[in-house]
Amino acid sequence: MLHKSTQGVPVFESEEFQPKKTKYCLCIPIINEGERILNQLQRAKENDIHNLVDIILCDGDSTDGSMEQERLKELGVNSLLTKKDVGKQGAQLRMGFWYALERGYEGIITIDGNNKDSIESVPLFIEKLNQGFDFVQGSRYLEGGRAINTPLIRHLAVKFIHSPMISLTAKYKFTDSTNAFRCYSKNYLTHSKVQPFRDVFVTYELLAYLSVRASQLGLKVAEVPVTRAYPNAGKTPTKISFFKGNSNLIKILIKNFKGDYNP
């Protein structure tokens with residue numbers, strides 16, 4: 001089904017393999033993740049995650065063959081959304097959030113699709129949503145979490161630049177603010193002073209903004225321990241280039257601190 005562009009939501013196609021079954025959903029933004037996303041979905045199925053939450057893939061129009069629909073159905077995917085418009089991760093998340101809210105989910109969990117995160121930890125987020133939390137950040141640095149093979153430069157950037165900056169902006173101490181393994185309540189995403197459906201959120205702006213806005217508004221926030229494991233060898237799976245990507249991230253953090261993304 002083709003969804004034409006509405007305010008703050010890109011043009012996208014949706015394929016619903018199953019009806020809505022659960023109270024919460026798991027949105028996974030991806031593009032050309034190949035075997036990584038398929039292996040992640042296999043892990044989810046082995047741990048019965050697809051029966052706890054509806055899995056919704058938010059694809060940026062992959063061309064690597066990983067989105068073959070029969071395979072996705074076998075792996076327990078509920079719906080496949082394919083962006084047919086401009087924008088990167090921020091646009092994929094806006095697409096997923098809009099679809100999830102229209103479908104009536106009470107909360108949305110997100111996770112990267114590169115098989116680095118402990119998708120088995122989804123029940124921790126479900127528990128927090130059930131307890132009334134509005135924003136819950138997954139953290140490899142929290143007690144009980146694990147950081148495996150984290151590149152030194154990434155470790156230092158998260159610990160001494162990104163997390164302190166996000167914490168200062170949020171007025172709440174976060175320990176792993178770059179981690180996209182997190183969840184949001186419907187109450188948070190539909191709050192009149194949040195308004196996530198805006199075209200300004202193109203790349204990583206939306207992740208940074210939603211990391212801080214909940215606590216700024218006095219909503220209920222928390223962290224839960226998760227595992228993030230990088231490969232033992234080979235290229236680090238990331239969509240952030242070392243120089244340009246990290247430079248843009250710093251600019252986003254500064255604009256976020258200044259409140260430029262606030263409605």
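Remember, it's a predicted structure, so these values are computed and weren't measured experimentally. (Residues numbered from 1 in each chain as written. Predicted model: local features only at pLDDT ≥ 70, side-chain atom pairs only at ≥ 80, totals over all residues. Heavy atoms only, no water.)

## Some remarks on the sheet that holds strand 10 (residues 221-225)
Thinking step 1. Read from one edge of the open sheet, nine strands run 1-2-5-4-3-6-9-7-10, paired in mixed fashion. The open sheet has two edge strands with one neighbour each: strand 1 (2-3) and strand 10.
Thinking step 2. Relative to strand 5 (residues 79-83), strand 4 (residues 54-59) runs parallel, the two being bridged by four bridges. Bridging across to strand 5, Leu57 finds its partner in Leu80.
Thinking step 3. Most of the contacts of helix 4 (residues 89-103) go to strand 5, to which it runs at about 140°, and overall it touches strand 1, strand 2 (12-16), strand 3 (24-30), strand 4, strand 5, strand 6 (107-110) and strand 9 (182-185). (Pairing = 2+ DSSP bridges. Helix = DSSP H or I, 4+ residues; strand = E, 2+ residues; numbered from the N terminus. Contact = heavy atoms within 4.5 Å. Axes fitted to C-alpha atoms, helices over the stretch in contact; angles between N-to-C directions.)

## Let's talk about the nonpolar core
Thinking step 1. The biggest cluster of nonpolar side chains holds 37 residues, and the ones touching the most others in it are Ile56, Phe97, Tyr184, Tyr188 and Leu210.
Thinking step 2. Elements supplying a minimum of two residues to this core: strand 3, strand 4, helix 4, helix 6 (152-170), helix 7 (186-189), helix 8 (205-216) and helix 9 (244-258).
Thinking step 3. When residues no more than four places from it in sequence are discounted, the contact partners of Ile56 are Cys25, Leu26, Cys27, Ile28, Ser79, Leu81, Tyr99 and Tyr105. (Core = buried A, V, L, I, M, F, W, Y, C linked by side-chain atoms within 4.5 Å. Buried < 20%, exposed > 50% of the residue type's maximum accessible area, 1.4 Å probe, protein only.)

## Comments concerning helix 1 (residues 35-46)
Thinking step 1. Its 12 residues give helix 1 an end-to-end C-alpha distance of 16 Å, which sits within 8% of 16 Å, the value for a rise of 1.5 Å per residue.
Thinking step 2. Contacts made by the buried residues of helix 1 are with strand 3, helix 2 (49-52), strand 4 and helix 3 (69-74).
Thinking step 3. Once helix 1 ends, the next one or two residues include Asp48, with phi positive near 65°. (Expected span 1.5 Å × (residues − 1).)

## Side note on the pairing of strand 2
Two faces make up the sheet, and in a regular strand the side chains alternate between them.
Thinking step 1. Bridging between strand 1 and strand 2 involves two bridges; their strand directions are antiparallel. Residue pairing in the sheet places His3 in a bridge with Phe12 of strand 2.
Thinking step 2. With five bridges connecting them, strand 2 and strand 5 associate as antiparallel partners. Along strand 5, the bridge assignment pairs Phe12 with Lys83.

## Quick look at the environment of Phe181
Thinking step 1. With respect to the helices and strands, the residue Phe181 is situated in the loop between helix 6 and strand 9.
Thinking step 2. For the pair Phe181 and Gly138, spaced 43 residues apart in sequence, the C-alpha separation works out to 5.3 Å.
Thinking step 3. Setting aside chain neighbours within four positions, we find Phe181 in contact with Ile109, Thr110, Ile111, Asp117, Ser118, Ile119, Ser121, Val122, Phe125, Gln137, Gly138 and Val226.

## Section: the pairing of strand 4
Thinking step 1. Burial within strand 4 is extensive, with six of its six residues counted as buried.
Thinking step 2. Burial along strand 4 is two-sided: the face carrying Asp54, Ile56 and Cys58 and the face carrying Ile55, Leu57 and Asp59 are both buried.
Thinking step 3. Taking the sense of rotation as the criterion, the β-α-β connection linking strand 4, helix 3 and strand 5 turns out right-handed. (Right-handed = clockwise from strand over helix to strand, strands pointing away.)

## Some words on the packing of helix 6 against helix 8
Thinking step 1. Helix 8 packs onto helix 6 with a crossing angle of 35° between their chain directions and a minimal axis gap of 8 Å. Between helix 6 and helix 8 the crossing geometry is right-handed. From helix 6, Ile166, Thr169 and Ala170 reach across to helix 8, where they touch Ala208, Ser211, Val212, Ser215 and Gln216.
Thinking step 2. In terms of residue class, the contact of helix 6 with helix 8 is built from four nonpolar, four polar and no charged. (Left-handed = near helix turned anticlockwise from the far one by under 90°. Nonpolar A, V, L, I, M, F, W, Y, C, P; charged D, E, K, R; others polar.)

## A closer look at the side chain of Thr169
Thinking step 1. Positionally, Thr169 belongs in helix 6.
Thinking step 2. For Thr169, a relative accessible area of 4% translates into the label buried.
Thinking step 3. If we skip the residues at most four places from it in the chain, Thr169 touches Val212, Gln216, Asn256 and Phe257.

## Here's the deal with the environment of Glu205
Thinking step 1. Looking at the element boundaries, Glu205 is found in helix 8.
Thinking step 2. With a relative accessible area of 11%, Glu205 lands in the buried category.
Thinking step 3. Sequence separation between Glu205 and Lys251 is 46 residues; the distance between their C-alpha atoms is 9.7 Å.
Thinking step 4. Not counting the four nearest positions on each side in its chain, Glu205 is found in contact with Val200, Ile252 and Tyr261.
Thinking step 5. A polar atom in the side chain of Glu205 sits 2.6 Å from the backbone nitrogen of Thr203. (Polar contact = N/O pair within 3.5 Å; in protein donor to acceptor, adjacent residues only side chain to side chain.)

## So, the packing of helix 4 against helix 8
Thinking step 1. For the pair helix 4 and helix 8, interaxial distance at closest approach is 7 Å and the crossing angle is 60°. Taken as axis vectors, helix 4 and helix 8 run oblique relative to one another. Contact with helix 4, carried on its side by Gln89, Gly90, Leu93, Arg94 and Phe97, involves Leu206, Leu207 and Leu210 of helix 8 and no other residues of that element.
Thinking step 2. Looking at the contact of helix 4 with helix 8, its residues break down into five nonpolar, two polar and one charged. (Parallel < 35°, antiparallel > 145°, perpendicular 65-115°, else oblique.)

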